[in-house]
Every structure is written in C-alpha cells, then in structure tokens.
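Structural description and commentary
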Amino acid sequence: MNNHPLLEDMRLFCAVVRAQSFAAVARDLALSKAVVSKRINLLEHALQAKLLHRTTRRLSVTEQGDTVYQRATRILEDVDAMAQAITTHRETPSGLLRLCSSSGFGRRKLAPALAALAKRYPQLELQLELLDRQVDLVGEGFHLDIRLGQVQEPHLITRRIAHNQRVLCASPSYVAQRGAPQSLQDLTKHQCLLIRERDQDVGRWTLNGPQGPETIKVSGALSANNGEVVHQWAIEGLGILLRSEWDVGPSIAQGTLVRLLPDYTQEAPVWAVYPTRLNHSAKVRVCVEFLEEWFKRLT
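The structure displayed is predicted, hence computed values, not measured ones. (Residues numbered from 1 in each chain as written. Predicted model: local features only at pLDDT ≥ 70, side-chain atom pairs only at ≥ 80, totals over all residues. Heavy atoms only, no water.)

The space that makes up the largest pocket amounts to roughly 340 Å³. Around the largest pocket, the lining comprises 12 residues; the ones closest to its centre are R18, T73, E77, R277 and H280. Those elements that provide at least two residues to the lining of the largest pocket are α1 (7–19) and α4 (63–88). Considering each element in turn, the lining of the largest pocket owes the most residues, 5 residues, to α4. Of the residues belonging to the lining of the largest pocket, the class tally is 4 nonpolar, 3 polar and 5 charged. (1 Å grid on protein atoms, 1.4 Å probe; cavity = no way out; pocket = protein on both sides within 12 Å on 5 of 7 lines; lining within 4 Å. Points joined across faces, edges and corners; volume = space filled by probe spheres on them. Helix = DSSP H or I, 4+ residues; strand = E, 2+ residues; numbered from the N terminus. Nonpolar A, V, L, I, M, F, W, Y, C, P; charged D, E, K, R; others polar.)

Before going further, it helps to spend a moment on the packing of helix α5 (residues 103–120) against helix α9 (residues 282–298). The angle between the axes and the distance between the axes are what describe a pair of packed helices. At their nearest, the axes of α5 and α9 sit 10 Å apart, and the two run at 120° to each other. Of the two elements, α5 crosses α9, and the hand of that crossing is right-handed. Only V286, C287, F290, L291, W294 and F295 of α9 make contact with α5, whose side of the interface consists of F105, K109, L110, P112, A113, L114, A116, L117 and R120. Class assignment of the residues belonging to the contact of α5 with α9 gives a composition of 13 nonpolar, no polar and 2 charged. (Axes fitted to C-alpha atoms, helices over the stretch in contact; angles between N-to-C directions. Left-handed = near helix turned anticlockwise from the far one by under 90°. Contact = heavy atoms within 4.5 Å.)

Glancing now at helix α7 (residues 227–235). Listed as buried for α7 are G227, V230, H231 and A234. On an axial view of α7, the arc spanned by its buried residues comes to 105°, and they lie on one face. Where the residues of α7 are buried, they touch α5, β8 (194–195), β11 (223–224), β12 (241–244) and α8 (245–254). Between the side-chain oxygen at the start of α7 and the backbone nitrogen of E228 there is a gap of 2.9 Å, and the oxygen is on N226. Of the residues flanking the end of α7, it is G237, one or two places downstream, whose phi is positive at about 85°. (Buried < 20%, exposed > 50% of the residue type's maximum accessible area, 1.4 Å probe, protein only. Arc of directions from axis to C-beta. Polar contact = N/O pair within 3.5 Å; in protein donor to acceptor, adjacent residues only side chain to side chain.)

For the rest of this paragraph, the subject is the packing of aromatic side chains. Evaluation of the coordinates by the stated rule reveals 3 aromatic pairs. Consider the rings of F105 and F295, whose centres lie 5.7 Å apart with planes at 40°: the pair is tilted. Residue F105 is found in helix α5, and its partner F295 is found in helix α9; the two are separated by 190 residues along the sequence. The same class applies to F105 and to F295, which are both buried. On the basis of an interplanar angle of 25° and a centroid distance of 6.0 Å, the ring pair of F290 and W294 is categorised as stacked. With F290 and W294 both in helix α9, this residue pair falls 4 residues apart, about one helical turn. W294 carries the same exposure label as F290, and that label is buried. Grouping aromatic residues by their ring pairs yields a cluster made of F105, W246 and F295. Here the basic side chain of R98 rests over the ring of F142, its NZ or CZ set 4.2 Å away from the ring centre. (Phe/Tyr/Trp six-rings, centres within 6.5 Å; stacked < 30°, edge-to-face > 60°. Lys NZ or Arg CZ within 6 Å of the ring centre and 35° of its normal.)

Right, let's talk about the nonpolar core for a bit. A general feature of soluble globular proteins is that nonpolar side chains tend to end up buried together. Of all hydrophobic cores here, the largest spans 26 residues; its most connected members are F105, L144, I146, I161, C287, V288 and L291. Mapped by element, the contributors of at least two residues to this core are β3 (95–101), α5, β5 (144–148), β6 (157–162), β15 (270–274) and α9. Here the element with the most residues in this core is α9; it accounts for 8 residues. Ignoring any residue separated from it by four or fewer positions in sequence, one finds L144 in contact with R98, L99, C100, L137, A272, V273, Y274, C287 and V288. Of all hydrophobic cores here, the second largest spans 21 residues; its members include M10, A49, L52 and A72. (Core = buried A, V, L, I, M, F, W, Y, C linked by side-chain atoms within 4.5 Å.)

This is the structure in structure tokens:
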C-alpha cells in the first residue's frame, strides 16, 4: 500500500454503500457526483482493491468492499467516540429533547426519573408524550423512545436500560369464582383481559415456561389500548391479566391481585430506542445514561 486511506474517504464510501447510490450521497452532501466518484477511486487506489461494482443500472459491493465497509464502520465509530470523549467534559446538554413512552410506565416510572434529570441539567428542555400505540420515531420527530418489550424496527438503535418481565395475575374474587388455571392451556377457558398497546400481540400470549417458549391463543370480552385501565379491570375481578411486574407488583403485594402460573413469565425489558448513535447527540446520550443508572438503583 503506497499511502494511507483518508478517514473522510472511508466515511464517504460507507455512505455510498448504505445509500447504494452515488447520486443520493452527492445530493445529501451537496457535492457533485463526479467528486464522490473521484474520492471513491482515491480510496480504492490507496487500498489497492476494487470496492464497488458499478454499472449504469446498479451498484454493488465487492467482497473486499464489504470487508472495508465493516472495518471502516468500526474505525469511524471509534474516531467519533474519541472526539466525543475529548469534548464531553466541556459539553453541557441543552435544548429540546422530545421523548415518548407508554402511558403507565411513562407516568409512574419515567416521569420521576425525568424530573431528577431536569434538576441535574437545567438547560435541557424535556418534552414527554405518553402514547399507547406504535410510534414512528423519525417521522414524528422524537429523539428518544423508552419502550418495554420488543423492538421491531431494524433501522433503530436500541440500548437495554432495565430488566422487566410480565406475569399472569387475577383478583382473589375472580379466582374464587372461576378457579385458577393449572396450565397455560387452561387460559383458553378463562376471560383474559387484552391490551392493545405497543408490542402487545392481541389475543396471542407467548410466555417462557419450564419447556421453553409457549404461545397460547386467548380471548375475553374486555380489551383496551391502555394498560392501567386493564389493570383496574383485573382488580375488579373481570379477568386474567398479563402485565409487567413493575405495574402489578404492588397490587400483588397488597393482595388485590394474585400471581397465577408462577413458572411462566414474558420477558419485556426496558429499552432506550433512538434513531442516531449516542455520540451524535450529547442530550440523548446523557438522558440514556442517566435513565440506565436511575433504573439500576431501583432494582
């Protein structure tokens, strides 16, 4: 190798690979297509390797190009992290930070944490929206989503910030009237309270038990898109609930709900979900790290 590749040429190459288009990258960076092509040629010359197959119809990555892309991505992330580490001590997180979460968790668990965050960083402007529905993080302009359960969108970045699991429970009056299920299959004979929020698959509950994951189809006369409503219905003896421990734990401790089938649980960890890497935004990074520490102290 006669000379070393430039970091900015590697960054440009990675952008071309992700966009699968010279023209799109040129447009996004306000460059000419010829400049983009020339910079990629310089990178290929520096590495003495062909990185892209280019035709009039399509663009694809060579085997060597894929190796360069994977390694360049890590190199660029390390470089960005290094620059961020150097300036972190000078940064004061400030400006608007738009967050969303589900209503129950947001009101009872997230809101107190954000109050403490606001006291620590008074230059932050926190805007929290509680939404019991699927959220388009980018399209709706949110910087951060604090989400329980599964994250389906592969283009989003996730960081697990707290353990959580869902458990089955019902009121003592319901159990006295209908009996307690002795197996997961018995749930088909019971009134189950259904929640239509976020990652919940309405009518299909998958739980981890002694034999591993099992899925059961359930039904019931009552459903809602708000977990707190369904929690109250369970306390009133209207059916069996599958709900997070953080929510029903106090009710179980008080005896207003009883745990059912204790060998079965559903993993529903708390995730911080965001569209760009943490080293690109001091306010998002500080918030995620603060929440991780906050929830760790509560467990």
